[in-house]
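Single-letter residue listing:
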Amino acid sequence: MIKLAAFLNRDWIKARLYHLFAPLVALVLVAVYLPTGPSQLLEDVAVNLRFHVRTLFGFDPPADPRIIFIGIDQHSLDHYGKYPWPRTVIADFLNAIALANQNPHTVAFDIMYTEKSANPADDQALGDAAGLLPNVITGGLADDPSSDPEVTRNAEEKTEADLKNPGPTLPFTQIHGDIRQLHDYKIATLPVDPVRKQSLFGFVNDDPSPIDGIRHTVPLLIRIGDRIYPSLALQTLCQALDADAGKVEVNIGENVILRNASGKSWTIPMTEEGKYVINYRSRNSFKHDLSFDSLADALGKSLDKSNPKPLPPYCVLDKKILFIGEDATALTDMGPTPIESKSPLPYVHLNVINNVLQNDYIHLAPQNWVVVGWLAATWATLFRLKEAPLIEAVFTPIVAVAVYIIAAFAVFSFWSLQIVLAWPVLSYATVNFGGLVLRWREEQHGRQQLKQIFGRMLPSGLVGHLLDHPDNLNLGGSLRPVTILFSDIRDYTKFSEHIDTQELVRQLNVYFERMVPCVEECRGTLHKFIGDAIMAAWGDIPALSLGIERDARNAVRSALLMRKRLRELNEERQAAGQIPLRIGIGLNHGDVAAGQIGASIRSEFTVIGDPVNVASRLEGVTKDFHTDLAISENVRQLTGDEFLVRRLGLILLKGKTKPTVVYEVLAEKSNPRESRLPADFVAKYEEAFDHFLARRFVEAIAAFETCEKQIPGDYCVRNYLEASREFARKAPPSDWDGRIVMKTK
């Protein structure tokens, strides 16, 4: 019992090798594929789509009300002229804020003042204006070395000199982890000296992804040698949240923790490379109700540059975070984001600031959770669908993929939870598609095996017919025009009484091996063996039928092929010292019931009806007329003029009330050498037979005697010659029609 269970277990596993191991192999391939560019591109596309859907359906909440974005927009360009403007314009803006006695918490410029002005007084004016406000931040840029060694050396020397005099901006000191994980830029371009001394700076680096050109992440930390500085967004947050730069805790590859004097902290997640994954919100989220969103509106058109005035009354900036940047499509600070193909890049930093203020981070679902869930779902689907109905096997993976995609979009829209989408969907679909292909192949293989197994017991055409149309297995039949063939071995009792049973079975099997293909090759259906007899039909299976005429011709050709194969078999039997076999074949055509006949627990496909009985009777006629192939008049009419035939007689079969003309088929006219009687003999015989039926017995005698001289011993000639002579001496009754009445079957 234990051995049997173990065997069944092994069989169960063997039958499910693909289902067990395909998901594991898929995960290995995914692990290899994930770091590649195409994989990252697909996932980026999936992420971008989620941002688009979330924005499209209005799931983006308003930005933090403390943030005010003041854009250098087209209205500002129209007012102040071609950009960049003299730095006195921005100095006037800062002076106006100071004169208005406004108290913004932070003023951050996504603008770099790194090149000296043509007029040094402009730089000094901007620096002096920045000194009037507590937290002014301007942009710096970190860069990699140039391909020109001299240019690189000069840039590095300038960087080192500037960093020795950074103004109030200091590098972070509480660093935990390996700073080598952060990119070492080596070169820093800082604001000009008058501005750097009076304001803070943060790095504006926001390089797009090399995969799809979109800014999915932005560096939080900039490494220059062994010093780490904040990005523009992080520097803005430090000032806006009153976090002392000296107390900022940096955990490389994990997070940045900001703390203020009261002990409150903010934990900002970051990647191993020190980058922040941006949770983009639509630009409309940053709209405010302060009646201005451009620099021109904030300054007011009446501003006299020679005599600065305070901001207009509607510009309420108290305790706000002012963020100033380029917002005009004509300017260069534009680029694609997941939401827009062309967006002002200050919104990259604005989103970072807003995310932290509102604790609105993207949460990445742990990869191991996804892997475990994927394995569970894939195994469950594969094992279920191995036995499930085909429609379920096809649609379940489709539904599962759709549910997963909808769930991924939903949790992202409502909770900013980003579940990896591309590889789970593609690998799940691929593995299940492979399972469907494997199932299809197994079913095809099983179907083929079934055909082979049942093909030994049932006609191959019938097996295919039933497999293609299972409804035909139901009991019942339909009326169809069919040609039926019966063949039988002559003197079977005499043939079988001198050999033992096993040898008899062996010789019969050899005989059937030669005869059955004759039916198959001519598109017939082998219905059954009745002892040594064979029953076959043409036209019973619609898929195999070629029309009643061609079916009838194929049936006759099958009989002629049987005659030929038997001749070959007898040559072998005689060489082996065995007696030759003789057969009789009868063919008839008519409408019969074809279908499943029997009981609900056991049935067979067959044909029944009077035409079947007539075919069997015609096979018996061959014995009395010393021939091997007899066909009915119905078959003769369907075969046309393709075969060389002669009339055996007008015969009243046993059990019938009307006689029928029965024909002997000699050969195909295209192959006259196969005929045992020449065509001229057949023509003379037919002429004699016409005289006989017309009661012209003298003429019949003369014609039959001519046939007798040409082919002595022909049974039909001798039989009708004797009858003609007898009727010539004594005329038959007036109602005589030439019929021959069969006494036996």
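Predicted, not measured: the structure shown is a model, and the values here were computed from it.

A. Focus on the overall build of the chain. When its secondary structure is counted, the chain shows 23 helices and 27 strands. Across the 745 residues of the chain, 48% fall into the buried class. A separation threshold of at least 6 residues defines the contact pool for the chain, and within that pool the share at least 24 residues apart is 74%. Carbon and sulfur atoms provide 56% of the accessible area of the chain, an area that totals close to 36,700 Å².

B. Structural detail: the nonpolar core. Ranked by internal contacts, the top residues of the largest apolar core, which has 49 residues, are L220, L221, L234, V256, L258 and I268. Looking at this core, the elements with two or more residues in it are α3 (37-56), β1 (67-72), α9 (232-240), β11 (255-259), β12 (265-269), β14 (321-326) and α11 (346-357). No other element matches the seven residues that α11 contributes to this core. Those residues in contact with I268 that sit more than four places away from it in its chain are L220, L234, L237, E254, N255, V256, L258, Y276, V356 and Y361. Counting 37 residues, the second largest nonpolar core, distinct from the first, contains L485, L560, M562 and I583.

C. Fine view of the packing of helix α5 (residues 87-99) against helix α6 (residues 120-130). In the contact formed by α5 and α6, the axes pass within 8 Å of each other and the chain directions differ by 20°. Put simply, α5 runs roughly parallel to α6. Note that α5 runs across α6; the crossing there is left-handed. Of the residues in α6, those touching α5 at R87, T88, I90, A91, L94 and N95 are D122, D123, A125, L126, A129 and A130. Of the residues assigned to the contact of α5 with α6, the class counts are seven nonpolar, two polar and three charged.

D. Representation of the packing of α9 against α11. Where α9 meets α11, the closest approach of the two axes is 9 Å, and the angle between their N-to-C directions is 40°. Judged on the interaxial angle alone, α11 and α9 are oblique. For the crossing formed where α9 meets α11, the hand is right-handed. The residues of α11 that touch α9, namely those facing L232, A233, T236 and L237, are H349, V352, I353, V356 and L357.

E. Highlighting the sheet that holds β12. Reading across from one edge, β4-β10-β11-β12 is the order of the four strands in this open sheet, with mixed pairing throughout. Every other strand in the sheet has two partners, leaving β4 (174-176) and β12 as the edge strands with one partner each. Taken pair by pair, the neighbouring strands of this sheet meet at an average axis angle of 15°, ignoring direction. Alignment of strand β10 (residues 249-251) against β11, held across three bridges, turns out to be antiparallel.

F. Just the environment of V556, in detail. Looking at where V556 falls in the secondary structure, it is placed in helix α18 (residues 548-575). Sequence-wise, V556 and L485 are 71 residues apart; in three dimensions their C-alpha atoms are separated by 8.7 Å. Residues contacting V556, with those up to four places away along its chain left out, are L587, V635, T639, F643 and V665.

G. Main features of the pattern of salt bridges. Taken as a whole and judged by the stated rule, the model has 40 salt bridges. Across the salt bridge formed by R647 and D690, the nearest N and O atoms sit 2.5 Å from each other. Of the two residues, R647 is situated in strand β25 (residues 643-652) and D690 in helix α21 (residues 679-693); the sequence distance between them amounts to 43 residues. With its nearest N and O atoms 3.0 Å apart, the salt bridge here joins E705 to R725. Residue E705 is located in helix α22 (residues 697-710), and its partner R725 is located in helix α23 (residues 715-729); the two are separated by 20 residues in the primary sequence.

Conventions used here
Residues numbered from 1 in each chain as written. Predicted model: local features only at pLDDT ≥ 70, side-chain atom pairs only at ≥ 80, totals over all residues. Heavy atoms only, no water. Helix = DSSP H or I, 4+ residues; strand = E, 2+ residues; numbered from the N terminus. Buried < 20%, exposed > 50% of the residue type's maximum accessible area, 1.4 Å probe, protein only. Contact = heavy atoms within 4.5 Å. Areas by Shrake-Rupley, 256 points an atom, 1.4 Å probe, with all protein chains shown as cover. Core = buried A, V, L, I, M, F, W, Y, C linked by side-chain atoms within 4.5 Å. Axes fitted to C-alpha atoms, helices over the stretch in contact; angles between N-to-C directions. Parallel < 35°, antiparallel > 145°, perpendicular 65-115°, else oblique. Left-handed = near helix turned anticlockwise from the far one by under 90°. Nonpolar A, V, L, I, M, F, W, Y, C, P; charged D, E, K, R; others polar. Pairing = 2+ DSSP bridges. Salt bridge = Lys/Arg side-chain N within 4 Å of Asp/Glu carboxyl O.

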